[in-house]
Amino acid sequence: MMEESPFTDLPQNDVELTPDKVKDEKEGGPTFHCDLCDAELVYTIAQAFLPGLSTACVDNTTGDVFKSPGSVAAEIRKEMVEYLTQRSETFVAESVVLDAGLEVQASDHPYDIIAFLIDEFATTKRNLFSRVSEWLLSDKREDKIDDFSQEMEINGFWSIDKREAIVQTLLKNVDLKNEFHCDMKFYSADELAQHVPTCKYRSMTCQNEGCYAKYSISQMGNHDSVCLYKMIPCEQNCSASLMRRDMDRHCITVCPMKLVNCPFYSVGCKSAIPQCKIEEHRSSDFHSHLLYILQGIHKEASVEVLRKRVEQLLQKYSSKLANIRDLRSLTYKVKDLDAKLGPLKVCATNKVDVATKTAGKLQILEASDTNKVTEKGAETRVVGFEAKPQSLEVTPTNKDSIEAAKAEIKDSEAKLQSLGVKSLNKVSKEGLKTKATDVEAKPQSLENTITNKDSGVAPGTTVNHHEARPPSLEVTPKKVSEATIENSVKDVEGKVRLSKVSTGENW
């Protein structure tokens, strides 16, 4: 079964509105009224008629298999016009009575009043199904209302001119302050004819190319200030003039005065400059850009030293640097030319700071190596006593650590000399050499702190301390009894003797 068209049986002519409410207060009074209203407001209110009518038609036929929105549109339109006319005539009196008992007053703007009346009418046309179901909250309802409203607009079911004629009458009824319509009255048609050309509510069309908006002559300034088709100069003060609707796109895309970051932003230049003045900025801030690049190359150098290097580069190679525009090429070129100029001349303060830092690092390295040697010797001693070997293996002095420390000292001196430092601080240097000597000349005695239970050596045995000393180990003795120490020493002496006999050496 084919669905019936929503516009079946629609009348060809629109319904006419009843005469407006204006009546002469007494006979012999003015009988000719100016019907001019604010054209822009009239058009805006007329645009709200179709969605209101569509809502009433959809809600009235929802769930009814014998009716469609189009089949009731003509009848509901007529009811809507009558309802709005009657309610607008009584709205003023009703609002005065209701507002007397309310703390918050409703809006008195004509658009808000008529929009409220349209919604009120649509509510009265809901059928039982629409009231008791969840239809009012569904997205499908909104989609159906929008679709039917667009169909009525496309098919010319209710023309804009007819709607505007109705709105003019409604506007006079609800415009309490006479702000949007002319209330002038005249005794003759000639007087009215003379008034119309000068009336502030006479309609006019926007003169800007592409804009077809209608408004009253009194609203010309307001419309002109927001018209999207008005030609205006660029907001960023470039030489272009364009439509207001294209301004935002122009300012963020092609405008030569658009603010952009400096090409050297990544190395430190945070300036925001107009796009058309990038070359001027490159030339005027060339010294600063070179300084930023050198700071990335020599991170520990001071600004004063780098500024002097910038002057050197410009004095010798200004012609080679002047024509380079992009950051990467300029950076490579500066690195190359900077290397040709040789090492930076570090100031005295920087020399002392570098020397002090290097000496401190070497002291920490020396102390770390000494602790490692001591810990390794102690571990060797304990393992030897637990395993009770036939010969006592003594760990040699950690020569590798000492040689590494000496090599580190020499490397540090070479680095400091390359920076212009003649010598390290004498006190720091002598202290480092003394520590290195101490590591080589560590005491040749090892005091063992193993108990009688662990050693297993009978008391009373004597030992020659010079022969029993492991040459590479130095362990801080624990606080134990004299008997325990004597037994441990005797145990070591016995083991050394066995080692000498087994190797054929004389005791």
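Whatever comes next refers back to the structure up there.
Keep in mind it's a predicted model, so treat the numbers as computed, not measured.

Q: Quick question: what am I supposed to make of the overall build of the protein here?
A: In terms of regular secondary structure, the protein is built from 19 helices and 8 strands. Buried residues in the protein amount to 35% of all 507 residues. The long-range fraction of contacts in the protein, counting pairs at least 24 apart against all pairs at least 6 apart in sequence, stands at 66%. Summed over all atoms, the accessible surface of the protein reaches about 31700 Å², with 52% contributed by carbon and sulfur.

Q: I'm lost on the environment of leucine 170 in this one. Help?
A: Within the fold, leucine 170 resides in helix H7 (residues 160-174). Look at leucine 170 and you get buried, because its relative accessible area is 1%. When neighbours within four sequence positions are excluded, leucine 170 is seen to be in contact with Phe49, Leu84, Thr85, Ser88 and Ile114.

Q: Looking at this structure, I do not really get the nonpolar core. What am I missing?
A: Of all hydrophobic cores here, the largest spans 33 residues; its most connected members are Phe49, Leu53, Met80 and Trp158. If you look at the next biggest cluster of nonpolar residues, it comprises 22 residues, including Leu290, Leu314, Leu330 and Val334.

Q: Which parts of the structure should I look at to understand unusual backbone geometry?
A: Glycine aside, residues mostly have negative phi angles, and peptide bonds mostly take the trans form. The phi dihedral of asparagine 178 falls on the positive side, at around 55°, and the residue is not glycine. For asparagine 178, the position within the fold is in the loop between H7 and strand S2 (185-186). For asparagine 178, a relative accessible area of 34% puts it in the partly exposed group. One non-glycine residue, asparagine 237, adopts positive backbone phi at about 65°. As for its placement among the helices and strands, asparagine 237 is situated in the loop between strand S5 (231-233) and strand S6 (241-243). Asparagine 237 gets classed as exposed once you look at its relative accessible area, which sits at 67%.

Q: I tried to follow the packing of helix H12 (residues 286-297) against helix H14 (residues 327-341) on my own but got confused; where do I start?
A: Between two packed helices, what matters for the description is the angle formed by their axes and the separation of those axes. Close contact between H12 and H14 brings their axes to 10 Å; oriented N to C, the two are set at 70°. Taken as axis vectors, H12 and H14 run roughly perpendicular relative to one another. Crossing of H12 against H14: the hand is right-handed. Listed contacts from H14 to Phe286, Leu290, Ile293, Leu294 and Ile297 of H12 are Leu327, Leu330, Thr331, Val334, Lys335 and Asp338.

Q: What's the story with the packing of aromatic side chains in this structure? I'm lost.
A: What describes a pair of aromatic rings is the distance from one ring centre to the other and the angle between the planes of the rings. For the structure shown, the criterion picks out 2 aromatic pairs. Ring geometry for phenylalanine 49 and tryptophan 158: centres 5.5 Å apart, planes at 45°, overall tilted. One end of the pair, phenylalanine 49, is in helix H2 (residues 49-61); the other, tryptophan 158, is in the loop between helix H6 (139-154) and H7, with 109 residues separating them in the sequence. With respect to burial, phenylalanine 49 and tryptophan 158 carry one shared label: buried. Pairing tyrosine 83 with phenylalanine 121 gives two aromatic rings, centres 5.5 Å apart and planes at 45°, and the pair type is tilted. Taken together, the residues tyrosine 83 in helix H3 (residues 69-99) and phenylalanine 121 in helix H4 (residues 110-124) connect sequence positions 38 residues apart. Arginine 77 extends its terminal NZ or CZ atom over the ring of phenylalanine 157, reaching a point 4.5 Å from the ring centre. Across the ring face of tyrosine 265, the terminal group of lysine 270 is positioned such that the distance to the ring centre comes to 4.1 Å.

The rules we used
Residues numbered from 1 in each chain as written. Predicted model: local features only at pLDDT ≥ 70, side-chain atom pairs only at ≥ 80, totals over all residues. Heavy atoms only, no water. Helix = DSSP H or I, 4+ residues; strand = E, 2+ residues; numbered from the N terminus. Buried < 20%, exposed > 50% of the residue type's maximum accessible area, 1.4 Å probe, protein only. Contact = heavy atoms within 4.5 Å. Areas by Shrake-Rupley, 256 points an atom, 1.4 Å probe, with all protein chains shown as cover. Core = buried A, V, L, I, M, F, W, Y, C linked by side-chain atoms within 4.5 Å. Axes fitted to C-alpha atoms, helices over the stretch in contact; angles between N-to-C directions. Parallel < 35°, antiparallel > 145°, perpendicular 65-115°, else oblique. Left-handed = near helix turned anticlockwise from the far one by under 90°. Phe/Tyr/Trp six-rings, centres within 6.5 Å; stacked < 30°, edge-to-face > 60°. Lys NZ or Arg CZ within 6 Å of the ring centre and 35° of its normal.

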